[in-house]
Amino acid sequence: MEVLRFLRFLCEQRRPLPIPTTSDDVSSKVFMVVGSNSGLGLDASVFLARQKLKLLIVTSRDSTKCKQTREAILERTDSGNNEGTAVEAWPLEMNSFDSVRAIVDRLAAREDSQLNVLVANAGVLLDDNFSSTPDGWELTLQVNYLSTALLSLLLLPYLIKSSTADSPSRLAIVSSVAHYSGPKYLKGARTWDRILETVNSKRFAKGAERYCVSKLMSMMFVRELEARLPNPTPVVVCAIDPGMCQTKMLAKSPARSLTFFSRTAEVGSRTLVHAAIGDEARTMHGRYLSSCKVGEESTYIASPEGKEFSRRLWDETIQLLSQIDSRIPEVVEKYLRSV
Ligand SMILES: NC(=O)c1ccc[n+]([C@@H]2O[C@H](COP(=O)([O-])OP(=O)(O)OC[C@H]3O[C@@H](n4cnc5c(N)ncnc54)[C@H](OP(=O)(O)O)[C@@H]3O)[C@@H](O)[C@H]2O)c1
């Protein structure tokens, strides 16, 4: 990140963020927050549960964490009574494509299979050890990018079905200011045979590098999806930068020495809630939201080199995900335009 941008970022961190409000009737809507057992996902889920939604689906890696997460949310919202939001906790392990497919099947099996808002929040920032998932992908790449893309695309038909002209559905993917540092690791990418295989290799030695690249790739995914959705869109898709926040992740991050400038998890979670329920949803479409406003994404994304990378990445991603789940080609064919 350039020095000026970094200083602006630090100043921005100290400014209070508005408590999100909405003029939407959320009482008939179903929300899903992925990775809700801790940090931003937990605080966003508590806030949403207090809004008296029709249903809040929260996800955690396993059934024990699911039970604890649901109890923690109910305890903090008084939703244990019948008046509040119905809260269900579903297991989802993002290092497994099968787990992603299973949660989609679970939604599809519900009588109404309604889903109005998906907040794809789960993410990891790892140390420099290289860890692979059972599916054979580097862990950061799979959790932050590939599984997030698979979940988003498989849930797209349900988001579309649940949207109305007045109230589009929403897909909010949690990205990071770290995406600005992604391009410096992509030098020479034009010569790479395959982007995904290269990013999956030990050439990306450091955990922080892999994190920055994964967050840049998720921003590109948002842009590519936006370009392919019809206009006006039935689903508003956006990327969120929550800022630097006091969560488990920050404690492990190289930025932990800057804790003085960080937001509490509750304040940071407002950026997720804003994307999920904030007014004027259509102004968020395809955009990078920072401090609850449309912000400027890395200039690399709109550069000729960045566009070429992004286009190739999209093609490779769809090709890979189509091998993982046979519904992907149908989603692309039926719901997305070619560009
Ligand atoms: N905190 C910051 O300063 C900051 C800044 C920019 C962006 N972000 C982004 O904000 C999002 C939330 O992070 P956080 O700061 O709230 O950190 P966090 O407290 O570590 O929360 C991360 C969440 O993702 C879940 N998760 C991680 N790996 C998973 C997997 N394989 N399968 C399913 N769930 C998984 C975690 O579950 P477990 O507890 O089971 O691991 C947890 O619920 C992330 O996408 C992160 O990149 C954070």
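Predicted model, so just to flag it, every value in this text is computed and none were measured. (Residues numbered from 1 in each chain as written. Predicted model: local features only at pLDDT ≥ 70, side-chain atom pairs only at ≥ 80, totals over all residues. Heavy atoms only, no water.)

Novice: I'd like a rundown of the overall build of the chain, residues and numbers included.
Specialist: Scanning the chain from terminus to terminus reveals 11 helices and eight strands. In summary, the chain has a C-alpha radius of gyration of 19 Å against a globular reference of 20 Å for 339 residues, a match within 12%. Looking at the chain residue by residue over its 339 residues, the buried ones come to 58%. Accessible area for the chain stands at about 14,600 Å²; split by element, carbon and sulfur atoms hold 51% of it. (Helix = DSSP H or I, 4+ residues; strand = E, 2+ residues; numbered from the N terminus. Rg over C-alpha atoms; globule rule 2.2 N^0.38 Å. Buried < 20%, exposed > 50% of the residue type's maximum accessible area, 1.4 Å probe, protein only. Areas by Shrake-Rupley, 256 points an atom, 1.4 Å probe, with all protein chains shown as cover.)

Novice: Describe the environment of V332, naming the residues involved and giving the relevant values.
Specialist: On the secondary structure map, V332 appears in helix 11 (residues 327-335). In this structure, the C-alpha to C-alpha distance between V332 and M32, residues 300 residues apart in sequence, is 22 Å.

Novice: Before we move on, could you go through the site of the ligand and cite the residues and values that matter?
Specialist: Around the ligand sit 29 residues in total, of which R61, K65, Y211, T247 and K248 are the nearest. One nitrogen or oxygen atom from the main chain of G35 is found 3.3 Å from an oxygen atom belonging to the ligand. Note that an oxygen atom of the ligand is positioned 2.4 Å from one of the side-chain N or O atoms of K248. Contact with the protein chains hides 95% of the accessible area of the ligand, taken as 870 Å² for the molecule alone. Counting only elements with at least two residues in the shell around the ligand, the list comes to helix 2 (39-49), helix 7 (207-228) and helix 8 (248-252). Looking at the shell around the ligand residue by residue, the class counts come to 12 nonpolar, 12 polar and five charged. (Near = heavy atom within 4 Å. Polar contact = N/O pair within 3.5 Å; in protein donor to acceptor, adjacent residues only side chain to side chain. Nonpolar A, V, L, I, M, F, W, Y, C, P; charged D, E, K, R; others polar.)

Novice: Report on the nonpolar core, specifying residues and quantitative values.
Specialist: Among the nonpolar cores identified, the biggest contains 73 residues, and L225 and F309 are the most heavily contacted of them. Core analysis: the second largest hydrophobic core is formed by 35 residues, L40, C66, I73 and V119 among them. (Core = buried A, V, L, I, M, F, W, Y, C linked by side-chain atoms within 4.5 Å.)

Novice: Tell me about empty space enclosed by the protein, and please be specific about residues and values.
Specialist: In this structure the tally under the stated criterion is two cavities of 30 Å³ or more. Empty space within the largest cavity amounts to approximately 50 Å³. Lining of the largest cavity is provided by A189, R190, Y300, E305, E308, F309 and R312. For the second largest cavity, the full set of lining residues is D24, V26, K29, F31, N116, V117, S167, P168, S169, R170, A276 and I277. Contributing elements (two or more residues each) for the lining of the second largest cavity: strand 5 (169-174) and helix 9 (265-277). Taken together, the residues of the lining of the second largest cavity break down into six nonpolar, three polar and three charged. (1 Å grid on protein atoms, 1.4 Å probe; cavity = no way out; pocket = protein on both sides within 12 Å on 5 of 7 lines; lining within 4 Å. Points joined across faces, edges and corners; volume = space filled by probe spheres on them.)

Novice: Can you tell me about the pairing of strand 6 (residues 235-241), naming the residues and giving the values?
Specialist: Among the seven residues that make up strand 6, seven are buried, leaving the element largely enclosed by the rest of the structure. Both faces of strand 6 are covered, namely the face carrying V235, V237, A239 and D241 and the face carrying V236, C238 and I240. The pairing of strand 5 with strand 6 spans six bridges and is parallel. Looking at strand 6, one finds that S169 is bridged to V235. Both strand 6 and strand 7 (residues 288-290) contribute to a ladder of three bridges, which runs parallel. Bridge pairing links A239 to Y288 in strand 7. (Pairing = 2+ DSSP bridges.)

Novice: Break down the packing of helix 5 (residues 139-161) against helix 11 for me, with residues and values.
Specialist: Helix 11 packs onto helix 5 with a crossing angle of 50 degrees between their chain directions and a minimal axis gap of 10 Å. Overall, the two elements helix 5 and helix 11 adopt an arrangement that is oblique. The interaxial crossing formed by helix 5 with helix 11 has left-handed handedness. Residue-level inspection shows L150, L153, L154, L156, P157 and I160 of helix 5 in contact with helix 11, the latter providing R327, I328, V331 and Y335. Split by residue class, the contact of helix 5 with helix 11 holds nine nonpolar, no polar and one charged. (Axes fitted to C-alpha atoms, helices over the stretch in contact; angles between N-to-C directions. Parallel < 35°, antiparallel > 145°, perpendicular 65-115°, else oblique. Left-handed = near helix turned anticlockwise from the far one by under 90°. Contact = heavy atoms within 4.5 Å.)

Novice: How would you summarise the sheet that holds strand 6 if you had to cite specific residues and measurements?
Specialist: Taken together, the eight strands give an open sheet; going across it, the order is 3-2-1-4-5-6-7-8, and neighbouring strands pair in mixed fashion. Of all strands in the sheet, those with a lone pairing partner are strand 3 (86-91) and strand 8 (293-295), marking the two edges. Across the sheet, the mean angle from the axis of one strand to that of its neighbour is 25 degrees, orientation sign disregarded. Bridge analysis of strand 7 against strand 8 gives three bridges, and the strand direction is antiparallel. In the strand pairing of strand 8, S290 is matched with K293.

Novice: For helix 10 (residues 304-324), give the residues involved together with the corresponding values.
Specialist: With 21 residues, helix 10 extends 30 Å between its outermost C-alpha atoms, agreeing within 8% with the 30 Å of an ideal straight helix rising 1.5 Å per residue. Along helix 10, the residues classified as buried are G306, F309, S310, R312, L313, W314, E316, T317, I318, L320 and L321. Along its buried surface, helix 10 packs onto helix 5, helix 6 (195-199), helix 7 and helix 11. (Expected span 1.5 Å × (residues − 1).)

So far we have only geometry, and geometry alone does not tell us how the molecule works.
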